[in-house]
Amino acid sequence: MMINRVILLVSLSLPLVAGVKNLTLHNALQMVKHDNLEVKIARFNEQMKQTEVKVAEGMNYGKLDLSLSGMRSNDAGNVFGFKLQSREATFGDFGAEEFMNNFGACQNGNMQACHDMYTQPPSNLNYPAARNNYQTKLSYMLPIYTGGKLTEYKHIMESMYRMSKYDTQKLINTKIYEVKKAFYDISLVERYIVNLSKIRHNIKKLETIVLNMEKEGYAKETDILEVQAREAESDSMYNQARLNRELAYQFLSFLLNRDVSSIKKVHAKAPMPHVTKAILESNNIDIQKAKLGLQISEMSVKAKEASFLPTIGGFAEYGSADNTLFNDFTGKDSYTVGVQAKWNIFNGGQDDAKLEKAKLKRLQVRDQVALARKGIALKAKKLKTEILSADDDIKSYSKQLKYAKRVYANYRTRYEEGMASISDVLIQQSKELESLLKLLTVVNKRNTKVFELESIVNAGGKV
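Keep in mind it's a predicted model, so treat the numbers as computed, not measured.

Chemist: What is the right way to look at the overall build of the protein in this model?
Modeler: In terms of helices and strands, the protein carries 13 helices and four strands. Projected onto the principal axes, the alpha-carbon positions of the protein cover approximately 160 × 55 × 40 Å. Residues counted as buried form 36% of the 463 residues belonging to the protein. For the protein, the centre of its 67 positive side-chain charges and the centre of its 52 negative side-chain charges are spaced 8 Å apart.

Right, dumping it as structure tokens:
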């Protein structure tokens, strides 16, 4: 049962191997939001920024440390300190026993003892035996007041997390743009291939007509060569179009992180998005990032202002020490509590300079917000104008293509009647193909502008 679960989890984590067929644009857009590798990487960046918020929040709750140390020393100061920590110091450690012995001898008339009683250093204090010391300690430090610095730092981290979400949404908009463009490019190439197939079919029909007319003596051998040369040219264009379609499918598969075999074709022209100044102000990612950047700069000013205020912190320690590990812990325990206030009075003007820099940054970002608003509005207006211009070109080229097809059919009939040369017929066919290419090119250009405008509007959704 466990093996089956592992196999199932592994299979779900891998991209699909079998090619997706008849993929719709709607499903492709859902896939790219979740399966695209760049989007996944951006999501990880979001999660890392979110953990930084937790780090900033955790600073308000202080720090609790547990430490355990073990030492051995025969240094007089250390040994005496070890005994004091373990609450085992005696008067004998101060040389009381040696003093009393000399005192008794002095009372009995020993003048040397009287002299040593006041001048000879106590051996127990200065030359103690080596001693172990094991200390277990809990230390807790808590910031009580920081002038608002920790609060602003937390707000900045929260804003940076939100900024990462804006970055992810902007990346998603880019991927949506690329997926839509791939869909419309494939659909456009499909239509180009269909039209090329019709042209190739017409060329083959023309070749048959020329061959029949040559048998009757109404056509020359050069006419056949001209038609065959045009046929070879159309075959090359047809094969190139199929290769371009294959490349577009490979790029779409890369974007979706899975193999795509075929799509459901979309309309030739992408719909124009609804754009207003209010929509741009509300939705555009660059404007939202600039606004958030302004908020962060204001938080930074407040954080720098906190440097001119005092900081207050509390601390507490609880522990126990002994020459044997964990021996009579509560009987030899101790505690220390305290509060510390710190206020920087002078540091050479560093805080003033940092505050001034933060204020200048705030002014700079404020102008960047205004620039973003005007720049995005101008770009949206430019794209909209270009799209409308392309719409007019599409109408014109559509009429030219329709006219070129009729002229070609007319010249082919005239050739059959001996009223036009094969060169005239092929020239008209070239004009038909030229009109087709112009039409498809302007349609592709228009769709690209539409997708750019959608990306600016942030049609993919709000953060």
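We are not done yet, so read on.
Chemist: Just to check I follow, could you spell out the packing of aromatic side chains for this structure?
Modeler: Two numbers describe a pair of aromatic rings. These are the distance of the centres and the angle of the planes. Under the counting rule described, the total for this entry stands at four aromatic pairs. Aromatic side chains phenylalanine 251 and phenylalanine 254 sit 6.5 Å apart centroid to centroid with 25 degrees between the ring planes, which places their arrangement in the stacked category. Here phenylalanine 254 and phenylalanine 251 lie together in helix H9 (residues 221–256), a separation of three residues that amounts to about one turn. What makes phenylalanine 254 exposed here is its relative accessible area of 51%. Here the aromatic cluster, defined as three or more aromatic residues joined through ring pairs, consists of Tyr177, Tyr184 and Phe451.

Chemist: Help me out: how do you make sense of the pairing of strand E2 (residues 131–145) in this one?
Modeler: For a regular strand, side chains alternate in direction, first toward one face of the sheet and then toward the other. With 11 bridges connecting them, strand E1 (residues 63–73) and E2 associate as antiparallel partners. Each bridged residue has a counterpart across the sheet, and for leucine 66 the counterpart in E2 is leucine 138.

Chemist: Looking at this model, I keep getting lost on H9. Mind explaining?
Modeler: For an α-helix, 3.6 residues make a turn, and residues three or four places apart therefore share a direction. When the terminal C-alpha atoms of H9 are compared, their 53 Å separation across 36 residues agrees well with the 52 Å that a helix rising 1.5 Å per residue should span. Where H9 terminates, the next one or two residues include asparagine 257, which has phi positive at roughly 60 degrees.

Chemist: For this particular structure, what's the right way to read the environment of asparagine 173?
Modeler: Within the fold, asparagine 173 resides in helix H8 (residues 149–215). Sequence spacing of asparagine 173 and arginine 412 is 239 residues, and the spatial spacing of their C-alpha atoms is 49 Å.

Chemist: Would you mind going over the pattern of salt bridges with me for this structure?
Modeler: Opposite charge on two side chains permits them to pair, given that their charged atoms come into close proximity. Counting across every chain of the model gives 25 salt bridges. Where glutamate 46 meets arginine 43, a salt bridge forms, and the shortest distance between an N and an O atom there is 3.5 Å. A residue pair is termed a helical-turn pair when its members lie 3 or 4 positions apart in one helix, as glutamate 46 and arginine 43 do in helix H3 (residues 37–58) at three residues. Given a relative accessible area of 35%, arginine 43 falls into the partly exposed group. Between lysine 382 and glutamate 386 there is a salt bridge, with its nearest N and O atoms 2.7 Å apart. A residue pair is termed a helical-turn pair when its members lie 3 or 4 positions apart in one helix, as lysine 382 and glutamate 386 do in helix H12 (residues 350–416) at four residues. Among the residues examined, glutamate 386 registers a relative accessible area of 25% and is labelled partly exposed. Through salt bridges with shared partners, a single ionic network connects Glu88, Arg131, Asp322 and Lys332.

Cut-offs applied
- Residues numbered from 1 in each chain as written.
- Predicted model: local features only at pLDDT ≥ 70, side-chain atom pairs only at ≥ 80, totals over all residues.
- Heavy atoms only, no water.
- Helix = DSSP H or I, 4+ residues; strand = E, 2+ residues; numbered from the N terminus.
- Buried < 20%, exposed > 50% of the residue type's maximum accessible area, 1.4 Å probe, protein only.
- Lys, Arg positive; Asp, Glu negative; His and termini not counted.
- Charge placed at Lys NZ, Arg CZ, Asp CG, Glu CD.
- Phe/Tyr/Trp six-rings, centres within 6.5 Å; stacked < 30°, edge-to-face > 60°.
- Pairing = 2+ DSSP bridges.
- Expected span 1.5 Å × (residues − 1).
- Salt bridge = Lys/Arg side-chain N within 4 Å of Asp/Glu carboxyl O.

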